[in-house]
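Letter by letter, the chains look like this.
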Amino acid sequence: MSKKSDKPTLWERYLTKEIGIEFKACLYFYALLFFYCVYRLICGRSDASIWHMAEMIFSTYVMGYLQVYVLWNFDEADALKAKELFAVLLCTGIYTGLSYLCGWLDRNPVATFVFAAYVIFLYVCVFFVYRTRRRIDDKLLNDDLRMFKTRDKNE
């Protein structure tokens, strides 16, 4: 009779990372697409390029893998220190470079600069969202543990 381990299997750890990357790709794609659409509306256009959207979603997936497997999952860090700020600036530079090279913002230098500031703001917001989520999860787990301990004493 084998006892089941409470430790996650290699498959479960891999799956957890993949789900995280999927979530990041959706989150960042939505944010990039929002900026792109607002820019297009400000320019008086109500259409969007499918090619641009495909480039954006592809880039968010690649960046998700880069963030998780190479850049220490920096947007889920406990604090924004020098290493995390370096990663924010690196990823911002990559997104900004892609936006310019692919013409998402018509290679407009002002729009590109505003986009870079927006991406930095986006990373900071995502950092605070993840940190808040961890704090809420900690509270819920502590409450569950407290309830378990009192239940165990009452039995």
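In this report, we go over the structure that sits alongside the text. All values derive from a computational prediction rather than experimental measurement.

1. Brief notes about a nonpolar patch on the surface
Then, in step 1: Where nonpolar side chains cluster on the molecular surface, the patch consists of Trp11, Tyr14, Leu15, Ile19, Tyr65, Tyr69 and Val70 and spans about 730 Å² of accessible area.
Then, in step 2: The set of elements that each furnish at least two residues to the nonpolar patch consists of helix H1 (10–42) and helix H2 (50–69).
Then, in step 3: Here the nonpolar patch gets four residues from one element, more than from any other, and that element is H1.
Then, in step 4: The residue tryptophan 11 is located in helix H1 in this model.

2. Some points on the nonpolar core
Then, in step 1: Among the nonpolar cores identified, the biggest contains 25 residues, and Phe74, Tyr95, Leu105, Phe115 and Tyr123 are the most heavily contacted of them.
Then, in step 2: A per-element tally of this core places H1 first, with eight residues.
Then, in step 3: Apart from the residues lying within four places of it in its own chain, the contact partners of leucine 105 are Phe35, Tyr39, Ser99, Ala111, Thr112 and Phe115.

3. Observations concerning the packing of aromatic side chains
Then, in step 1: Evaluation of the coordinates by the stated rule reveals nine aromatic pairs.
Then, in step 2: Cluster of aromatic residues (ring-pair linked, three or more members): Phe35, Trp104, Phe115 and Tyr118.

4. Considerations on the environment of leucine 85
Then, in step 1: Of note, leucine 85 is situated in helix H3 (residues 82–102).
Then, in step 2: It is 13 Å that separates the C-alpha atoms of leucine 85 and valine 119, two residues lying 34 residues apart in sequence.

5. Examining the layout of surface pockets
Then, in step 1: A volume near 180 Å³ is recorded for the largest pocket.
Then, in step 2: Every residue lining the largest pocket is listed: Thr16, Lys17, Ile19, Gly20, Ile21, Phe23, Lys24, Val68, Asn73, Glu76, Tyr130 and Arg133.
Then, in step 3: Looking at the lining of the largest pocket, the elements that each hand over two or more residues are H1 and helix H4 (109–154).
Then, in step 4: For the lining of the largest pocket, the element with the most residues is H1, which contributes seven residues.
Then, in step 5: Of the residues contributing to the lining of the largest pocket, the split by class is five nonpolar, three polar and four charged.

6. Quick notes on the side chain of threonine 60
Then, in step 1: You can see threonine 60 is positioned in helix H2.
Then, in step 2: Within polar-contact distance, the side chain of threonine 60 engages the backbone oxygen of isoleucine 57 at 2.8 Å.

Definitions and cut-offs
- Counting of residues starts from 1 at the beginning of each chain's written sequence and follows it residue by residue.
- Local features in this predicted model are restricted to residues whose pLDDT is 70 or higher, and side-chain atom pairs enter the listing and the counts only when it is 80 or higher, whereas totals over whole chains, interfaces and linings include all residues.
- The side-chain numbers reported here are obtained from all heavy atoms of the structure, hydrogens and water having been left aside.
- Patch definition: residues above 30% relative accessible area lacking any salt bridge, with like charges linked at up to 9 Å and the nonpolar side chains Val, Leu, Ile, Met, Phe, Trp and Tyr linked at up to 5 Å.
- Surface accessibility in these figures is a Shrake-Rupley result with a 1.4 Å probe; residues are shielded only by whichever protein chains are displayed.
- Salt bridge, as applied in this entry: a Lys or Arg side-chain nitrogen positioned within 4 Å of an Asp or Glu carboxyl oxygen.
- Here a strand is any run of E in DSSP of at least two residues, a helix any run of H or I of at least four, and the numbering for each starts at the N terminus.
- Within this scheme, the nonpolar core is defined by two criteria: the residues are buried Ala, Val, Leu, Ile, Met, Phe, Trp, Tyr or Cys, and they are joined through side-chain atoms within 4.5 Å.
- For the exposure calls, accessible area comes from a 1.4 Å probe over protein chains only, and a residue counts as buried if that area is under 20% of its type's maximum, exposed if over 50%, partly exposed in between.
- Whether two residues are in contact is decided by their heavy atoms: any pair within 4.5 Å suffices.
- Between the rings of Phe, Tyr and Trp (Trp by its six-membered ring), a pair exists once the centres lie within 6.5 Å; its type follows the angle of the planes, with under 30 degrees stacked, over 60 edge-to-face, and the other angles tilted.
- Points on a 1 Å grid over protein atoms alone make up a cavity when a 1.4 Å probe fits among them but cannot get out, and a pocket when they form an open set with protein on both sides within 12 Å along at least five of seven lines; lining residues each have an atom within 4 Å of a point.
- Grid points are joined across faces, edges and corners, and a volume is the space filled by probe spheres set on the points.
- Under this grouping Gly is polar, as are all residues other than the nonpolar Ala, Val, Leu, Ile, Met, Phe, Trp, Tyr, Cys and Pro and the charged Asp, Glu, Lys and Arg.
- We call two N or O atoms a polar contact when they sit within 3.5 Å, provided that within protein one can donate a hydrogen and the other can accept it, with sequence-adjacent residues counted only if both atoms are side-chain atoms.

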